[in-house]
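# Structural characterization, general
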Amino acid sequence: MGKFVISVRKNGEFQFNLKATNGQVILTSEGYTTKAACLNGVESVKKNAAVEARFETKVAKNGKPYFNLKATNGQVIGASQMYSSEATMKAGIASVMKNAPEAEVVEETAE
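A short tour of the structure in this document, coming up. (Residues numbered from 1 in each chain as written. Predicted model: local features only at pLDDT ≥ 70, side-chain atom pairs only at ≥ 80, totals over all residues. Heavy atoms only, no water.)

Side chains that are nonpolar tend, in soluble globular proteins, to be buried together. Ranked by size, the top nonpolar core spans 24 residues in total, and within it Phe4, Phe16, Leu18, Val45, Phe67 and Val96 carry the most contacts. Only β1 (3-8), β2 (14-19), β3 (25-28), α1 (35-48), β5 (65-70) and α2 (86-99) provide two or more residues apiece to this core. (Core = buried A, V, L, I, M, F, W, Y, C linked by side-chain atoms within 4.5 Å. Buried < 20%, exposed > 50% of the residue type's maximum accessible area, 1.4 Å probe, protein only. Helix = DSSP H or I, 4+ residues; strand = E, 2+ residues; numbered from the N terminus.)

Written out as structure tokens, the structure reads:
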């Protein structure tokens, strides 16, 4: 099962990464000013990840595909890594859809 890992960035903001069962990061959040806001972001991902229409596929300037997961209000709540192909990006979306709803939340504090 996947897991959400909450950490603190160097600038003091909280963020989460959704990791697949193999430990690979499949979705990264924006920075949040509070841990409570970050946890709300996790809940939003859990709720929205089951809806395929919430995933927006994009192509970066370097030509690599990636995706954003959006909330019902259209706000981006997580972004993927860059993928080598559209097929691997679609597998990434499927992985988020499968892992996010039941993923546990783990906190990692910055040293």
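A separate point is α2. Side chains three or four residues apart in an α-helix point the same way, a direct result of the helix having 3.6 residues per turn. Compared with the 20 Å implied by 1.5 Å per residue over 14 residues, the 20 Å span of α2 between its first and last C-alpha is a close match. Looking only at α2, the buried set comprises Met89, Gly92, Ile93, Ser95, Val96 and Asn99. Taken down its axis, α2 places every buried residue within 160° of arc, on the same side. Those residues of α2 that are exposed and aimed more than 90 degrees away from the buried face are Ala87 and Lys98. The secondary structure elements touched by the buried residues of α2 are β2, β3, β4 (55-59) and β5. (Expected span 1.5 Å × (residues − 1). Arc of directions from axis to C-beta. Contact = heavy atoms within 4.5 Å.)

The next point concerns the packing of aromatic side chains. One pass over the structure, following the stated rule, counts 4 aromatic pairs. Ring geometry for Phe16 and Tyr32: centres 6.3 Å apart, planes at 20°, overall stacked. Here the residue Phe16 occupies a position in strand β2, and Tyr32 occupies one in the loop between β3 and α1, the gap between them amounting to 16 residues. What makes Phe16 buried here is its relative accessible area of 0%. (Phe/Tyr/Trp six-rings, centres within 6.5 Å; stacked < 30°, edge-to-face > 60°.)

In terms of burial, β5 is largely enclosed, as 5 of its 6 residues are buried. The pairing of β4 with β5 spans 5 bridges and is classified as antiparallel. Within β5, the position partnered with Lys58 by the bridge is Tyr66. In this antiparallel pair of consecutive strands, β4 and β5, the connection spans 5 residues, and Gly63 shows a positive phi of 90°. Looking at chain direction, β5 and strand β6 (residues 76-79) are connected through 3 bridges and run antiparallel. Bridge pairing in β6 links Leu69 to Gly78. Hairpin remark: β5 followed by β6, antiparallel, with 5 residues in the connecting loop; positive phi at Gly74, about 90°. (Pairing = 2+ DSSP bridges.)

Any functional reading would require information that these geometric values do not contain.
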